[in-house]
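Letter by letter, the chains look like this.
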Amino acid sequence: MVGFKNRFMVMEVFLNPNREYLGGTPLIITQFNVTKAIKDSILVNFGVCGLATAMASFDIKYVNPITNLCIIRAATEDYEKVWSAITMVKNIAHVPVIFNLLDITGSKRSCQSLALKCEESKFEQYKLTVGDQLKPDEPKRMSSFLDRIKASKF
């Protein structure tokens, strides 16, 4: 049995810090939003042929709208193309964003351990930031995201 060689990119998404002052509805990072933005960037920067080759194993495996952390899978041959297209994404749904690469791993296990560490520390930081305004359902939602990583369902 031959396994496909993939790279997993653990990334965080920084939203526009002035989004509260711009009005309108705030952006909630979803798998659909991130996928569409990256595919559009690949299409613009590498053309239809580049998009077709990159989409062979490209997938958004995990997105957390609370901490804005996502895990992106790409083939070993195309991960640099996907990575460069991600750095050129400037907005998602007309909201300015910046992608920050935390790590690139070659296995699910190392990606899983890194994502757990990042998620736990980012949620602690999030709790300190929002303070008393923490919604009662957010710790439960966050634990479901952590369980999803622990169960390796990404």
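Report follows, based on the coordinates. This one's a predicted model, so the numbers in the text were calculated from it and none came from an experiment.

### Things to note about the pattern of salt bridges
Between side chains of opposite charge, a pair can form as their charged atoms come close. One pass over the full model with this rule turns up five salt bridges. We note a salt bridge from D40 to K36, for which the minimum N-O separation is 3.0 Å. You can see D40 and its partner K36 sitting in helix α2 (residues 31-54), four residues apart, about one turn around the helix. Owing to a relative accessible area of 36%, D40 belongs among the partly exposed residues under this scheme.

### So, unusual backbone geometry
Of note, N68 is a non-glycine position whose phi angle comes to about 60°, a positive value. Unusually for a residue other than glycine, A93 sits at a positive phi of about 55°. Its location among the elements puts A93 in the loop between β4 (91-92) and β5 (95-105). A93 sits in the exposed class, given a relative accessible area of 54%.

### Some points on the nonpolar core
Proteins that are soluble and globular tend to have nonpolar side chains buried together. One finds I38, I72, V82, I92 and F99 to be the most contacted residues of the largest nonpolar core, which totals 27 residues. Looking at this core, the elements with two or more residues in it are β1 (6-15), α2, β2 (59-64), β3 (69-75), α3 (79-87) and β5. If you tally residues by element for this core, the top one is α2, at six residues. Among all residues touching I92, those that are not within four sequence positions of it are L27, I29, N33, V34, A37, V97 and F99. One finds F8, V10, Y62 and A115 within the second-largest nonpolar core, a separate group that totals 15 residues.

### Re the side chain of N68
The residue N68 is located in the loop between β2 and β3 in this model. Take N68: its relative accessible area is 14%, and that puts it in the buried class. In contact with N68, not counting residues within four places along its chain, are M11, E12, V13, L15 and I29.

### Re the pairing of β2
Along any regular strand the residues' side chains alternate between the sheet's two faces. Of all the six residues making up β2, five are buried; the element is thus mostly covered by neighbouring parts of the structure. Strand direction decides the pairing type here: β2 and β3, joined by five bridges, are antiparallel. Following the sheet pairing, V63 is matched in β3 by C70. Connecting β2 to the antiparallel partner β3 that follows it, the hairpin turn spans four residues, and N68 within it adopts a positive phi of roughly 60°.

### Observations concerning the environment of D78
Its place among the elements puts D78 in the loop between β3 and α3. Once you skip the residues sitting within four places of it in the chain, D78 turns out to touch T53 and A54.

### Notes on α3
Among all positions in α3, only Y79, V82, A85 and I86 are buried. On an axial view of α3, the arc spanned by its buried residues comes to 125°, and they lie on one face. Packing partners of the buried residues in α3 comprise β1, α2, β3 and β5.

### A look at the sheet that holds β3
Strand order in the open sheet made by the five strands is β2-β3-β1-β5-β4, with antiparallel pairing throughout. Two strands lie at the open edges of the sheet, namely β2 and β4, each paired on one side alone. Strand direction decides the pairing type here: β1 and β5, joined by eight bridges, are antiparallel. In the strand pairing of β5, V13 is matched with F99. Across the sheet, helix α4 (residues 108-130) lies against β1, β2, β3 and β5, angled at about 160° from β3, the strand it touches most.

Cut-offs used in this document
- Residues numbered from 1 in each chain as written.
- Predicted model: local features only at pLDDT ≥ 70, side-chain atom pairs only at ≥ 80, totals over all residues.
- Heavy atoms only, no water.
- Salt bridge = Lys/Arg side-chain N within 4 Å of Asp/Glu carboxyl O.
- Helix = DSSP H or I, 4+ residues; strand = E, 2+ residues; numbered from the N terminus.
- Buried < 20%, exposed > 50% of the residue type's maximum accessible area, 1.4 Å probe, protein only.
- Core = buried A, V, L, I, M, F, W, Y, C linked by side-chain atoms within 4.5 Å.
- Contact = heavy atoms within 4.5 Å.
- Pairing = 2+ DSSP bridges.
- Arc of directions from axis to C-beta.
- Axes fitted to C-alpha atoms, helices over the stretch in contact; angles between N-to-C directions.

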